[in-house]
Protein chains: 2
Amino acid sequence: MGNDKCYVALALKAWKTQIDRADKLFGALSSEEVLQEISPRRNRLLYLWGHLTAVHDAMLPLLGLRERLHPEFDVAFISNPDRSRSDIPSHEQVRGAWGVVNAELWNGFEKMSPNEWTLRHSAVSEEDFAKDPSRNRFAVLLSRTNHLSYHLGQAVLAPKSERA
Amino acid sequence: MGNDKCYVALALKAWKTQIDRADKLFGALSSEEVLQEISPRRNRLLYLWGHLTAVHDAMLPLLGLRERLHPEFDVAFISNPDRSRSDIPSHEQVRGAWGVVNAELWNGFEKMSPNEWTLRHSAVSEEDFAKDPSRNRFAVLLSRTNHLSYHLGQAVLAPKSERA
């Protein structure tokens, strides 16, 4: 018997570890703190949080789980840089979407069999997948976990507020 | 037949992708640039690069590949914060160690069978591993890939030099 379940379980655990770190870091922010920049003239925490939410939301159809919940996040947090638009989702909207999107992903992850993780993701055609079967759902899980870590490394740099 | 090889190959590809990004980012730095801080009063790029080198060096015995090549990096880049010591390895020493350590790791990775990735890593006892078999080498690979991504997210924030 192969160790398929073991590899998938470990990759899911790595995902969950980073999600928990993000929940803790972003979830603790006040409405003033979320507007702080990670570094002078760089993205604000709200932008990073919204960006991660949009990228995770896009994983829902990519992994064949369901249609997107918040496609409207892309214009605010993916296709345009921070501070280029005034009408971006609010702190509360990002917080709510972050929770719902990740819960929906986790719900789907738990139902996927090891074999389903090796199926093609929806952004690659059947022809291209036949040529390169590494473009599968497991690859998406690993790359999005790294993407989350990448931005968490940035988010921790934001100056802490002076609080009692 | 299981998909063991597929999962391991994808995790190795994810590792290699991050290593290549780091090679490109750190490898392009001049001796002045490597002393830049990623953000005001935060770690310098040289410290991050040395830190990643030390952590990767420690993976060699952790994965049962060989003894460490640069245990002396720990005092400079793990157990002490940046700027607390004057006698840290130089730019050239870090660059050299980074290349050698990662080449040695990759060399070992390529020889490991899928099953070997599910063996315990050397920092967990046989008793503890029996209780929690998720503490294996594959878990180390995933967590160190995320660790690398985390610090890469920080390293890209360092101000670019003005060059012709």
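Nothing here was measured: the structure is a model prediction, and the numbers come from that model. (Residues numbered from 1 in each chain as written. Chains lettered and ligands numbered in written order. Predicted model: local features only at pLDDT ≥ 70, side-chain atom pairs only at ≥ 80, totals over all residues. Heavy atoms only, no water.)

### A word on the side chain of Asn146 of chain A
Piece 1. You can see Asn146 of chain A is positioned in helix H7 (residues 137–155).
Piece 2. With a relative accessible area of 6%, Asn146 of chain A lands in the buried category.
Piece 3. At 2.9 Å, the side chain of Asn146 of chain A and the side chain of Ser149 of chain B are in polar contact.
Piece 4. Excluding residues that lie within four positions of it along the chain, Asn146 of chain A makes contacts with Ala14, Gln18, Thr145, Asn146 and Ser149 of chain B. (Helix = DSSP H or I, 4+ residues; strand = E, 2+ residues; numbered from the N terminus. Buried < 20%, exposed > 50% of the residue type's maximum accessible area, 1.4 Å probe, protein only. Polar contact = N/O pair within 3.5 Å; in protein donor to acceptor, adjacent residues only side chain to side chain. Contact = heavy atoms within 4.5 Å.)

### A short note on the pattern of salt bridges
Piece 1. Tallied over the full model, the rule gives 24 salt bridges over all chains.
Piece 2. For Lys16 of chain A, the salt bridge is made with Asp20 of chain A, and the minimal N-O distance between the two is 3.2 Å. Placement of the pair is Lys16 of chain A and Asp20 of chain A together in helix H1 (residues 4–27), with a separation of four residues, close to one helical turn.
Piece 3. Given the relative accessible area of 32%, Lys16 of chain A is considered partly exposed.
Piece 4. Assessed through its relative accessible area of 37%, Asp20 of chain A is described here as partly exposed.
Piece 5. In this structure, Glu92 of chain B and Arg95 of chain B form a salt bridge, with 3.4 Å as the shortest nitrogen-oxygen distance. Of the two residues, Glu92 of chain B and Arg95 of chain B both sit in helix H4 (residues 91–111), three residues apart, roughly one turn of that helix.
Piece 6. One connected set of salt bridges, linked through shared partners, spans Glu37, Arg44, Asp82 and Arg83 of chain A. (Salt bridge = Lys/Arg side-chain N within 4 Å of Asp/Glu carboxyl O.)

### Some words on the layout of surface pockets
Piece 1. Empty space within the largest pocket amounts to approximately 360 Å³.
Piece 2. What lines the largest pocket is a set of 23 residues, among which Ala139, Leu142, Ser143 and Arg144 of chain A together with Thr17 of chain B lie closest to the centre.
Piece 3. When residues in the lining of the largest pocket are grouped by element, the largest group, nine residues, is from H7 of chain A.
Piece 4. Considered class by class, the residues forming the lining of the largest pocket number eight nonpolar, 10 polar and five charged.
Piece 5. The volume enclosed by the second largest pocket comes to roughly 310 Å³.
Piece 6. Ala14 and Thr17 of chain A together with Ala139, Leu142 and Ser143 of chain B are the residues nearest the centre of the second largest pocket, which is lined by 19 residues in total. (1 Å grid on protein atoms, 1.4 Å probe; cavity = no way out; pocket = protein on both sides within 12 Å on 5 of 7 lines; lining within 4 Å. Points joined across faces, edges and corners; volume = space filled by probe spheres on them. Nonpolar A, V, L, I, M, F, W, Y, C, P; charged D, E, K, R; others polar.)

### Concerning empty space enclosed by the protein
Piece 1. With the rule as written, the count across this model stands at two cavities of 30 Å³ or more.
Piece 2. Put simply, the largest cavity is a space of about 60 Å³.
Piece 3. Lining of the largest cavity is provided by Ala14, Leu142, Thr145 and Asn146 of chain A together with Ala11, Ala14, Leu142, Thr145 and Asn146 of chain B.
Piece 4. Residue assignment for the lining of the largest cavity shows that the elements contributing at least two residues are H7 of chain A together with helix H1 (4–27) and helix H7 (137–155) of chain B.
Piece 5. Each residue belonging to the lining of the largest cavity can be placed in one class, and the counts come to five nonpolar, four polar and no charged.
Piece 6. There is about 30 Å³ of room inside the second largest cavity.
Piece 7. Considering the residues around the second largest cavity, the lining is formed by Arg44, Tyr47, Ala76, Pro81, Asp82, Arg83, Ser84, Arg85 and Ile88 of chain B.

### Notes on the interface of chain B and chain A
Piece 1. Listed by partner, the interface residues are 36 residues for chain B and 36 residues for chain A.
Piece 2. For the pair chain B and chain A, the two sides together bury roughly 2800 Å², of which 58% comes from carbon and sulfur.
Piece 3. When the buried surface of chain B facing chain A is broken down by residue, Tyr7, Tyr150 and Leu157 of chain B rank first, second and third, together holding 25% of it.
Piece 4. Viewed at the interface, chain A and chain B are joined by 16 residue pairs in polar contact (both at pLDDT 80 or more).
Piece 5. Contributions of two or more residues to the side of chain B that touches chain A are made by H1, helix H5 (114–117) and H7 of chain B. (Buried area = accessible area lost by both parts, 1.4 Å probe.)

### As for the relation of the copies chain B and chain A
Piece 1. The transform that puts chain B on chain A rotates by 180° and translates by 0.0 Å along the axis, for an RMSD of 0.0 Å. A rotation of that kind, with that shift, is consistent with a two-fold axis.
Piece 2. The overlap is high: 100% of the interface residues of chain B also sit at the interface in chain A, so the same surface is used on both sides. (Least-squares fit on C-alpha atoms with pLDDT ≥ 70 in both.)

### Some points on the environment of Leu60 of chain B
Residue and element names in this part refer to chain B.
Piece 1. Topologically, Leu60 is positioned in helix H2 (residues 45–62).
Piece 2. Residue Leu60 is classed as buried on the basis of its relative accessible area of 0%.
Piece 3. Sequence-wise, Leu60 and Ser122 are 62 residues apart; in three dimensions their C-alpha atoms are separated by 9.9 Å.
Piece 4. The residues contacting Leu60, other than those within four sequence positions of it, are Leu65, Arg66, Glu67, Leu69, Glu104 and Leu105.

### A closer look at the confidence of the model for chain A
Piece 1. Residue-level pLDDT values for chain A average 95, and 97% of them are 70 or greater.
Piece 2. If you check the scores for this complex, the pTM reads 0.96 and the ipTM reads 0.96. (pLDDT = per-residue confidence, 0-100.)

### Some points on the nonpolar core
Piece 1. Of all hydrophobic cores here, the largest spans 90 residues; its most connected members are Phe26 and Trp117 of chain A together with Phe26 and Trp117 of chain B.
Piece 2. Contacts of Phe26 of chain A, omitting those with residues within four sequence positions, involve Leu45, Leu48, Trp49, Leu52, Leu152 and Ala155 of chain A. (Core = buried A, V, L, I, M, F, W, Y, C linked by side-chain atoms within 4.5 Å.)

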